[in-house]
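Secondary and tertiary structure notes
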Amino acid sequence: MPKKPGTNPKGEFAFFNVLYEDGSQRSNRRVPNELLGGLEGDEPARAFIVEQDREIAEKGGRPPPVIKIISRVGAKKK
C-alpha cells in the first residue's frame, strides 16, 4: 500500500521551521536524522538547510536568503 504524501513512517527525517532575515518562513524542511544528534544536537541541520538554500538560489539566479532562526517542528520552546 502506498504511503500518504508528507508522512515519515520510518523516522528517516526530522522537520524544521526556518525563519529568514527578510521575515519569510519555510515550514517542515526535511533533514535526514542521520545528520542529527551527538554533541552538536540539531546544529548540523543549519548547515544542511543552508546548502539546500544555496543550491535553490543558484538555480533561480538570486542570492541565498540569510537564516535567522531554525527550530525543530514539535520541539518545546525554552
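What comes next is a walk through the structure. What you are looking at is a predicted structure, and each value in this text was computed from that prediction instead of being measured. (Residues numbered from 1 in each chain as written. Predicted model: local features only at pLDDT ≥ 70, side-chain atom pairs only at ≥ 80, totals over all residues. Heavy atoms only, no water.)

1. Topic: the packing of aromatic side chains
Scanning all chains against the criterion turns up zero aromatic pairs. The residue whose ring lies beneath Arg30 is Phe13, and the NZ or CZ to ring-centre distance is 4.1 Å. (Phe/Tyr/Trp six-rings, centres within 6.5 Å; stacked < 30°, edge-to-face > 60°. Lys NZ or Arg CZ within 6 Å of the ring centre and 35° of its normal.)

2. Considering the pairing of strand β1 (residues 13-20)
Side chains Ala14, Phe16, Val18 and Tyr20 of β1 all project onto a buried face; the interleaved residues Phe13, Phe15, Asn17 and Leu19 project onto a face where none is buried. If you look at the hairpin formed by β1 and strand β2 (residues 25-32), you'll find four residues sitting between the two strands, and Gly23 has a positive phi there, around 95°. Note: β1 against strand β3 (residues 67-72), five bridges, orientation antiparallel. When the bridges of β3 are listed, Val18 appears paired with Ile70. (Buried < 20%, exposed > 50% of the residue type's maximum accessible area, 1.4 Å probe, protein only. Helix = DSSP H or I, 4+ residues; strand = E, 2+ residues; numbered from the N terminus. Pairing = 2+ DSSP bridges.)

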